[in-house]
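Given next are the chains, with one letter for each unit.
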Amino acid sequence: MVYVVVKKMNTRSPAAIRRRVSPAQAPGCSVVVSGETGVWSAISPGSGSGAGLGDPRVSGLISGSTYDLFWDGHCFKSKHTLFYFPATLVAFNQVPVSIWFGFHSLEWKKEKSYDLDFSDPSWKEKYQEDWNRRFSLPHITDIYDLKPRLTTFSLKKNRTDGGSLSADKWNGYVNKDDRALLKVIKYASPTSAGAECVDPDCSWVEHWIHRAGPRKEIYYEPAEVKAAIVTCGGLCPGLNDVIRQIVFTLEIYGVKNIVGIQFGYRGFFEKGLKEMPLSRKVVENINLSGGSFLGVSRGGAKTSEIVDSIQARRIDMLFVIGGNGSHAGANAIHEECRKRKLKVSVVAVPKTIDNDILFMDKTFGFDTAVEEAQRAINSAYIEARSAYHGIGLVKLMGRSSGFIAMQASLSSGQIDVCLIPEVSFTLDGEHGVMRHLEHLLEKKGFCVVCVAEGAGQDLLQKSNATDASGNVILSDFGVHMQQKIKNHFKDIGVPADVKYIDPTYMVRACRANASDAILCTVLGQNAVHGAFAGFSGITSGICNTHYAFLPITEVITKPKRVNPNSRIATKKSPGCFFIATRTRSPGLTK
Ligand SMILES: Nc1ncnc2c1ncn2[C@@H]1O[C@H](COP(=O)(O)OP(=O)(O)O)[C@@H](O)[C@H]1O
Ligand SMILES: O=P(O)(O)OC[C@H]1O[C@](O)(COP(=O)(O)O)[C@@H](O)[C@@H]1O
């Protein structure tokens, strides 16, 4: 299966940055890349003239056929095309193919370089080899012939007695071959609860990822390093904690030149946004408040200009704290630095209250957001409980993933209905949400509903509008629900007192809670260890309870989403349920 991930491109100067692949290199390869209608920037036949969105050949391509992909001199046979946030500039001929790539990065991966043949006795080795290749970490020695030096980050002083090694042998560093297992359950059968299987027998297959932490050898002279930190996307509790830890850890290595880039990627090219010199003294107390000390922004990512700026500023290490979009940006910057043969380490730290980053147990800020969301739920509950036929309605963030709504609902124990983007439902009719609310008012006299912002989008009028980063601007489902409930009960002549709470920005503007603060500390430290170890194009996360480094290309293939059939999603706090399908009665899912 070939995945092509093309994300959020602005088309300001596409012609200047097209990269052409010769059709002659792809004999017999029948096209191409697919994507979401509406965000294609331009598609043109071989001549290169832009055809655009309405082109019937494009619709034909998008309508679910199977195509092969030509990339990098190879024709990859694919069984599925599939994709996510496309918007790159692609031009094609029917056969053979020619593809131009737009200036924002097109990340692609071969998920498998072959079709797995389970009758082949060595299929497992092949699978694991492929996995190891995919999860290997890009390193500056891939393009440079560099010798490491002994680290300046000493752990000796941290040793406590009682270890099995003598003091002179113990060092506490992470070995470059250390790995953590991403998946630890051995399912006896594909029918086991939550089973994720590679083959039909659900054989045990090891999925190893690289362990994060300080290495004994480093690839930079700390005294010569200039390190920069940038925070992008939306706010998230803990941003300041991560900035602070990165600065502290850089200083421990001996770095003197640390700067903050203001207001996201924008700070790289917007005149008037100066670098902020950072030091322990400057960042000492920033964790005491929410927000980002450096400022954040969406949009404006022009990779080549950013790298020009990195070059001009002589930055050696760039720490990008952000979500899926920022990671795609970080990877594009890393690739561009490689192309220009710059010795720069680009290391990301996953940030988003949505908790939608692949492979991560959780992203920092998520816990805090859930905790904060519960205050709103509790208020909605009190309002609903105290009113005659009260209906409390809370809208929480979660563009494409309903983790906050789900966790806040489960942990509060006060929610009757939770609607998330991953589960479709109807509002009207026998099996609709409204009928269930009627039933709740009749039985209990009140009810509380929680909706994620991305829920029910198929029931609303679609908008093609996007924010500055290219994220689709969603229709407001919370407001829609509020009106819908009011109108419904008015229509059926049943009194209902609806109280609507939208705490979205309060949930993410607050300071990190204790558990997030610890997560931020470790993630920030590990990001610095990763950069000094010479990795670039990586991210630092917590996966299966272990701190790990992952190649960015793997974590941005798609957003992590709630599995509505998972055991956590189906574990219900008393009275709470998720609308399960269009056809089943919500009442029956209880
Ligand atoms: N595919 C991409 N390539 C390069 N930069 C990107 C890409 N997608 C988003 N960005 C940039 O990353 C930054 C943050 O993206 P955004 O989607 O707003 O937030 P998040 O990182 O939280 O997902 C923005 O400046 C945006 O322009
Ligand atoms: O109003 P803004 O700043 O665009 O943010 C809204 C978005 O922020 C989020 O909470 C998280 O976004 P990020 O992935 O950028 O952190 C989304 O759920 C929501 O759609």
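Residues numbered from 1 in each chain as written. Chains lettered and ligands numbered in written order. Predicted model: local features only at pLDDT ≥ 70, side-chain atom pairs only at ≥ 80, totals over all residues. Heavy atoms only, no water.

The name recorded for the protein chain in an unreviewed UniProt entry is Phosphofructokinase domain-containing protein, from Oryza meridionalis. The heading Function (unreviewed entry) in the UniProt record of the protein chain holds the text "Catalyzes the phosphorylation of D-fructose 6-phosphate to fructose 1,6-bisphosphate by ATP, the first committing step of glycolysis." (UniProt positions renumbered as here; feature names shortened; annotations may be inferred.)

Draft legend 1. Main features of the overall build of the protein chain. The secondary structure content of the protein chain amounts to 16 helices and 25 strands. Counting only residues that meet the buried cut, the protein chain has 55% of its 590 residues in that class. Within the protein chain, contacts between residues separated by at least 24 positions form 77% of all contacts whose residues are at least 6 apart in sequence. When the accessible surface of the protein chain is totalled, it reaches about 25,500 Å², and 50% of it is carbon and sulfur. (Helix = DSSP H or I, 4+ residues; strand = E, 2+ residues; numbered from the N terminus. Buried < 20%, exposed > 50% of the residue type's maximum accessible area, 1.4 Å probe, protein only. Contact = heavy atoms within 4.5 Å. Areas by Shrake-Rupley, 256 points an atom, 1.4 Å probe, with all protein chains shown as cover.)

Draft legend 2. Seen up close, the domain arrangement of the protein chain. Considered domain by domain, the protein chain is made up of domain 1 (2-107), domain 2 (217-363 + 511-555) and domain 3 (366-507 + 565-578). With centres defined by C-alpha atoms, the gap from domain 2 to domain 3 works out at 34 Å. Counting residues at the interface gives 15 residues for domain 2, matched by 17 residues for domain 3. For the pairing of domain 2 and domain 3, the buried interface totals around 1,300 Å² over both sides, and the portion due to carbon and sulfur atoms is 48%. It is Arg 298, Ile 353 and Asp 354 that lose the most area in domain 2 upon contact with domain 3, and together they represent 44% of the buried surface on that side. Salt-bridge contacts for Asp 467 lead to Arg 298; the nearest nitrogen and oxygen are separated by 3.7 Å. Linking domain 2 with domain 3 are 8 residue pairs in polar contact (both at pLDDT 80 or more), by the criterion used here. Looking at the side of domain 2 that touches domain 3, its residues break down into 3 nonpolar, 6 polar and 6 charged. (Domains from an automatic or database assignment. Buried area = accessible area lost by both parts, 1.4 Å probe. Salt bridge = Lys/Arg side-chain N within 4 Å of Asp/Glu carboxyl O. Polar contact = N/O pair within 3.5 Å; in protein donor to acceptor, adjacent residues only side chain to side chain. Nonpolar A, V, L, I, M, F, W, Y, C, P; charged D, E, K, R; others polar.)

Draft legend 3. Representation of the environment of Asn 544 within the structure. Relative to the assigned elements, Asn 544 resides in the loop between strand 23 (538-543) and strand 24 (546-551). It is 23 Å that separates the C-alpha atoms of Asn 544 and Glu 422, two residues lying 122 residues apart in sequence. Other than its neighbours up to four places away in sequence, Asn 544 contacts Leu 181, Leu 182, Lys 183, Val 184 and Asp 361.

Draft legend 4. Fine view of the site of ligand 2. Taken together, the residues surrounding ligand 2 are Gly 234, Arg 298, Lys 351, Thr 352, Ile 353, Asp 354, Met 397, Gly 398, Arg 399, Glu 453, Tyr 505 and Arg 508. Notes on ligand 2: free accessible area 480 Å², of which the protein chains cover 83%. Both domain 2 (217-363 + 511-555) and domain 3 (366-507 + 565-578) contribute no fewer than three residues apiece to the shell around ligand 2. (Near = heavy atom within 4 Å.)

Draft legend 5. Just the pattern of salt bridges, in detail. Under the defined criterion, the tally for this structure stands at 25 salt bridges. A salt bridge links Arg 133 to Asp 130, with the nearest nitrogen and oxygen atoms 2.9 Å apart. Of this pair, Arg 133 and Asp 130 both sit in helix 3 (residues 123-134), 3 residues apart, which is roughly one turn of that helix. Judged by its relative accessible area of 43%, Arg 133 falls in the partly exposed class. Residue Asp 428 pairs with Lys 484 through a salt bridge whose shortest N-O separation is 2.9 Å. Pair noted here: Asp 428 is in the loop between strand 20 (417-419) and helix 11 (433-443) and Lys 484 is in helix 12 (residues 477-491), with a separation of 56 residues, a long-range link. On the basis of relative accessibility, which here comes to 44%, the residue Asp 428 falls in the partly exposed class. Of the residues examined, Lys 484 reaches a relative accessible area of 21% and is grouped as partly exposed.

Draft legend 6. Summary view of the state of the cysteines. By the definition in use, this model includes 1 disulfide. Between Cys 418, a free cysteine, and Cys 450, which holds the nearest cysteine sulfur, the sulfur-to-sulfur gap is 4.8 Å. Take Cys 418: its relative accessible area is 1%, and that puts it in the buried class. Cys 510 forms no disulfide, and the closest cysteine sulfur to it belongs to Cys 236, at a distance of 9.3 Å. (Disulfide = S-S within 2.5 Å.)

Draft legend 7. Just the nonpolar core, in detail. Ile 229, Leu 250, Phe 319, Phe 364 and Phe 532 are the most contacted members of the largest nonpolar core, which totals 74 residues. Lining this core are residues from two domains, each supplying at least three of them: domain 2 (217-363 + 511-555) and domain 3 (366-507 + 565-578). Those residues within four positions of Phe 532 in sequence are excluded, and the remaining contacts are Ile 218, Tyr 219, Tyr 220, Pro 222, Val 225, Leu 250, Tyr 253, Val 255 and Met 317. Membership of the second largest hydrophobic core comes to 38 residues, among which are Leu 318, Cys 337, Leu 550 and Ile 552. (Core = buried A, V, L, I, M, F, W, Y, C linked by side-chain atoms within 4.5 Å.)

Draft legend 8. Spotlight on the packing of helix 4 (residues 239-253) against helix 14 (residues 514-532). Helix 14 packs onto helix 4 with a crossing angle of 40° between their chain directions and a minimal axis gap of 8 Å. Put simply, helix 4 runs oblique to helix 14. Pair helix 4 / helix 14 crosses with right-handed handedness. Between helix 4 and helix 14, the contacting residues are Asp 241, Val 242, Gln 245, Ile 246, Thr 249, Leu 250 and Tyr 253 on the first element and Ala 517, Cys 520, Thr 521, Gly 524, Gln 525, Val 528, His 529 and Phe 532 on the second. Across the contact of helix 4 with helix 14, the residue classes break down as 8 nonpolar, 6 polar and 1 charged. (Axes fitted to C-alpha atoms, helices over the stretch in contact; angles between N-to-C directions. Parallel < 35°, antiparallel > 145°, perpendicular 65-115°, else oblique. Left-handed = near helix turned anticlockwise from the far one by under 90°.)

Draft legend 9. Fine view of the sheet that holds strand 14 (residues 226-231). The strand order across the open sheet formed by 9 strands is 11-12-24-23-18-17-14-15-16, and the pairing between neighbours is mixed. This sheet does not close on itself; its edge strands, each paired only once, are strand 11 (179-181) and strand 16 (276-277). Sheet topology note: the strand 11/strand 12 (residues 208-211) ladder contains 3 bridges and is antiparallel. Pairing of Leu 181 across the sheet is with Trp 208, part of strand 12. (Pairing = 2+ DSSP bridges.)

Draft legend 10. Here's a closer look at the pairing of strand 18 (residues 345-350). Of all the 6 residues making up strand 18, 6 are buried; the element is thus mostly covered by neighbouring parts of the structure. Residues Ser 345, Val 347 and Val 349 of strand 18 are buried on one face, and the alternating residues Val 346, Ala 348 and Pro 350, pointing to the opposite face, are buried as well. Pairing of strand 17 (residues 317-322) with strand 18 involves 6 bridges; the strand directions are parallel. In the strand pairing of strand 18, Leu 318 is matched with Val 346.

Draft legend 11. Quick look at helix 4. Here helix 4 is 15 residues long and its end C-alpha atoms lie 22 Å apart, about the 21 Å a rise of 1.5 Å per residue gives. Among the 15 residues of helix 4, 13 are classified as buried, and the element is accordingly described as predominantly covered. The positive-phi residue at the C-terminal boundary of helix 4 is Gly 254, with phi of around 110°. (Expected span 1.5 Å × (residues − 1).)

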